Structure formats: structure tokens, C-alpha cells
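Per-entry structural report
One-letter residues, chain by chain:
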Amino acid sequence: MSDSTVPKHRVVVLGAGYAGAYVAGTLARRLSPEDAEITVVNAEPDFVQRLRLHQLAAGQDIDAPRLTEVFTGTGIRLRLARVTAVDPEHRVVEVADARGDGGADGGRIGYDTLVYALGSHGADHGVPGADEHAFDVAGRPSALRLRARLDALEERGEGGRVYVVGDGLTGIETATEIAESRPGLSVTLIARGALGAPLSAGARDHLRRACDRLGVAVLEDTEVVAVEAARVRCADGTVLPSDATVWTAGFAVSPIASAAGLEVADDGRIVVDRTMRSVSHPSVYAVGDSVLAVGDNGLPLPMSCASAGFTGRQATTAIVARLTGREVTHTGLQYVGNHISLGRRDGILQPVDHGARARSKYVGGRSAARFKAGILRMALWSTSHPTFGVPQFKHRLAAAPGPTAATTTSPSPEARTATGSLRSAAPAGNETG
């Protein structure tokens, strides 16, 4: 592809979270800029460490590298805009800039290969008042709003009652972080079932001891049916006065993929084949929280940073192979366990077996906390250096790298089964493992 009159293959990555930033950086390392151009579309100007947003809400400062600096010198184009629609038939993405319009290009970005990495947001599950009155830590703006509310409670000097709804990994981390960072507040964790039910017996005991040590009260077997400005209503009729209600009872994906006509599962995640390519539109790949990826154990991968890495690696491997005329290989899609922080000095590492069930052995305490902190530092460093180790030789594209043939691909039997039943064995709200 040395003919300069041949247009470059346009790769557009939607989202610059853990999955999107990884894919963009890896493609920039492996594809020749003479043949391909890579554009990342992201609504926020900074990289958001989503795994640490509970720390931000608790009052700690976390790094938020500017994406313009992250992608400087990589050849990656950055478009700061909000994705409003995808038209896979015409291979166009519609966007709105910060000022509300589409910018100089009319808000339409064409692509030859699209990587959908728009992630997830908090899910209110239709509970009245949850969206209006509850805080969450699913995004940086919402985490900062919670932080401001907790600051105000502390400043008035009368303490305050904080209820965290949902005892998935995000809920556990949020409740323990707030309790440790703001000991003057009363923190209660509301669990729909038994606290830490997916964990091993030893890990559950460790979690209970940590909650007791930090002063986190736990309400088990409690279902929240409504959230009001200053109260939480439970299914059994109990009314809990609350100064700040934090909603961590699960996550959901954007309806953009479904509205675009892509084949999606019942929860809106994109159905893909083993290489992360859409089964309905082969020019589209999906990674991270947006994809229904069946792991090597035959179960849907949970929404997590680890899954973002595994799905991103498979997608980039497949994209590079197909564009350069090489054989497409399968990379690992594993779910090995969960890493849970319990404040800054305690944590739990819970391995799982092939069926995603908790193994009896776990690691707890400072060593687990240090391990989790190390993972977060590594994730931030690798994102901030997306083309570290750039090879001297990059793969040239095949002679005809343009639009992908309009053929459909078939998902694995496991994916077809999972499309109708998304009962992964991973803990609910698994956004932190």
C-alpha cells in the first residue's frame, strides 16, 4: 500500500477508558501510519481512573492525565465529543461537541473499522428516586458531586448518615473508603442478601471484621424500593433517614448500540464472536463493559478492568491480523478472581475456579491492599504511555484494507446461550476487580 492516492484505513475508537485507551495505543504500536489513521472519540478531556472514583468521592486526590498529553506523539487523533449515534450501515458516527453542535465536520465521523468502548454507567433498575436523589461513583462528575456533599456534611460539624445501596464490589469499596477517610460520618452498607455472598467463607469473615473495625454498619436481606431526598424506603416498610444515599446496585450500558441496530443481548451489551467482532456488523468490534464476551470458562466475563484488558487484547489482535492479511489468533479471555480494597490498608484477593465460584483460599490484609494498589498504578502508567515500546517496524496493511466485507459472523454457542440469559457468576456491580 505505497500508493499515496489510496485513502488510509480509518479506525475509530469510541471511548478512552481502560479498554478504549488500550486498544488505541496498541493499534498505534502495530499499524503503519502510512496506511491507517486512528481516531479516539471521548466526551471528557481527561483519562478517568474509574477503579479509584470511590477514593475521589471519599476525599482523596487521584491523577487524571489530560488525554491530549497522553496521545501526544502517538499519531492518534483525539476528538473531544459526545457520541450520540452510530450508523453501521453507512459507517458513520454522530457526535456533539461540548458546545452542543457537531463542529466543523457537522458532527459526523466516518470509519472503516469501529471499536465500540463506551463502557457503562450506574443502573437504577427502575427504583423510584434513585436517579434523582442518589449519588454514584460511576463517573468523575458524579463522584465529585458526592465528594462535595460529604464535605458539606463534615463542615456542619454534626456528622451525617451515609447509606451505600448495593454490596457488590463497588459498594463494599465505597462504604469502607468513606468510613476510613471520613470517620465523623455514620456509614451503612445495604445488602440485598448476605454480605459478600459470592466470596469464600474466610473472605466473608474478613470483610465483616473490616466493616466492624471501620464502623460500617451492615443491613442484610434488605431491598430498597425508593430513594427520597432525605430518606431511603425499604421493602419491609422501614424508612431510613439519610443525609447522602450512594447507589452502587449495578451497572448498565448505553442504548446507542441497540439503537444502531447492532445485535445486542438483553442488557444491551453487543453480541460478538470469539474475536470481539459484532456478529451482525463485521466492521464493528466491541470491548470492555460494552461487550457480551464469553470467557474461556463458557460464562460471560464480568464488567471489570481485567475484562477490558482481555477483550481489548483480543480485538486488537484480530483487527491487526485482518488488516494485514495474517491469521487471526485467539487470546485468553479469563476471569481469575476479584481484588477488593477495604480502605487504604486492607483488602481481599478472592480467586475463583473455572466455574467462577470462589475458591476457599483468599488473601487479606495489607498484602492484598498493596497488590490492588500496584494493579491500579500499572493500569494508570500503561494508559499514560499508550505507545511505550513502539517497534521500529510496524505492520503494513494488506493491498485492499478498505471497508470490511459485509458478511455476518457467528457467535459461539455459549454466546448465543448467554444472549438470552446473562447470569454471570461474577459479583453484582463488579466494576473494581
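Structure shown above.
All values reported here derive from a predicted model rather than from experimental measurement.

In this section: the sheet that holds strand β5 (residues 92–96). The three strands are arranged β4-β5-β6 in an open sheet whose pairing can be described as antiparallel. The sheet terminates laterally at β4 (82–87) and β6 (108–110), the two strands that pair on one side only. If you compare each strand with its neighbour and ignore which way they point, the axes differ by 30° on average. Where β5 lies against β6, three bridges are found, and the strand directions are antiparallel. Its bridge partner lying in β6, V92 is registered against G110.

The next point concerns the side chain of T26. Looking at the element boundaries, T26 is found in helix α1 (residues 18–30). A residue is classified by how much of its surface remains accessible, and T26, at 5% relative accessible area, is buried. Non-local contacts of T26, meaning those with residues more than four positions away in its chain, are made with T316 and P386.

This paragraph deals with the packing of α1 against helix α9 (residues 305–324). Interhelical geometry of α1 versus α9 gives an angle of 30° and a closest axis separation of 9 Å. As summarised for this structure, α1 and α9 are arranged roughly parallel, according to the angle between their axes. Considering the relative orientation of α1 and α9, their crossing is right-handed. Across the interface between the two elements, Y18, A19, Y22, V23, T26, L27 and R30 of α1 pack against C305, A308, G309, G312, R313, T316, T317, I319 and V320 of α9.

An order of β11-β10-β9-β15 is seen for the four strands of this open sheet, with the pairing classed as parallel. Strands at the two margins of the open sheet, each flanked by one partner only, are β11 (217–219) and β15 (244–247). Across this sheet, the average inter-strand angle for adjacent strands is 20°, counted without regard to direction. As paired strands, strand β9 (residues 161–165) and β15 are joined by four bridges and run parallel to one another. Residue pairing in the sheet places V165 in a bridge with W247 of β15. Seen against the sheet, helix α5 (residues 140–155) touches β9 and β15 and runs at an angle of roughly 155° to β15.

This part takes up the pairing of strand β10 (residues 186–190). Within β10, four of the five residues are buried, which leaves the element mostly enclosed by the surrounding structure. Bridging between β9 and β10 involves five bridges; their strand directions are parallel. The residue bridging Y163 from the neighbouring strand is T188, located in β10. The β-α-β motif built from β9, the intervening helix α6 (residues 169–181) and the parallel element β10 has right-handed crossover chirality. For the crossover from β10 across helix α7 (residues 201–214) to β11, the handedness is right-handed.

In this model, helix α10 (residues 366–384) (19 residues) spans 27 Å end to end at C-alpha, consistent with the 27 Å of a helix rising 1.5 Å per residue. All of the buried residues in α10 are A368, A369, K372, L376, A379, L380 and T383. Each buried residue of α10 lies within a common arc of 110° when the element is viewed along its axis, so the set occupies one face. Exposed side of α10, more than 90 degrees from the buried face: R366, R370, R377 and M378 are the residues found there.

Here the focus is the nonpolar core. Grouped together as the largest cluster of nonpolar side chains are 62 residues, with contacts concentrated most on L14, L27, V41, V83, V86, V93 and L114. In terms of residues, this core owes the most to one element, α9, which gives seven residues. Ignoring sequence-local partners within four residues, the contact set of L27 consists of V11, I38, T316, I319 and V320. Grouped together as the second largest cluster of nonpolar side chains are 34 residues, V137, A143, L146 and L214 included.

Two side chains that carry opposite charge are able to pair once their charged atoms sit near each other. Considering all chains together, one arrives at 24 salt bridges under this definition. Across the salt bridge formed by R50 and D289, the nearest N and O atoms sit 3.7 Å from each other. Note that R50 is positioned in the loop between β2 (36–42) and α2 (53–58) and D289 in the loop between β18 (284–286) and β19 (291–292), a separation of 239 residues in sequence. Side by side, R50 and D289 carry an identical accessibility label, which is buried. Note that D243 is salt-bridged to R156, the shortest N-O span being 3.5 Å. Highlighted residues: D243 in the loop between β14 (239–241) and β15 and R156 in the loop between α5 and β9, separated in sequence by 87 residues. For D243, a relative accessible area of 13% corresponds to the buried category. The structure contains a network of salt bridges with shared partners spanning E34, D35 and R396.

Scoring rules and cut-offs
- Residues numbered from 1 in each chain as written.
- Predicted model: local features only at pLDDT ≥ 70, side-chain atom pairs only at ≥ 80, totals over all residues.
- Heavy atoms only, no water.
- Pairing = 2+ DSSP bridges.
- Helix = DSSP H or I, 4+ residues; strand = E, 2+ residues; numbered from the N terminus.
- Axes fitted to C-alpha atoms, helices over the stretch in contact; angles between N-to-C directions.
- Buried < 20%, exposed > 50% of the residue type's maximum accessible area, 1.4 Å probe, protein only.
- Contact = heavy atoms within 4.5 Å.
- Parallel < 35°, antiparallel > 145°, perpendicular 65-115°, else oblique.
- Left-handed = near helix turned anticlockwise from the far one by under 90°.
- Right-handed = clockwise from strand over helix to strand, strands pointing away.
- Expected span 1.5 Å × (residues − 1).
- Arc of directions from axis to C-beta.
- Core = buried A, V, L, I, M, F, W, Y, C linked by side-chain atoms within 4.5 Å.
- Salt bridge = Lys/Arg side-chain N within 4 Å of Asp/Glu carboxyl O.

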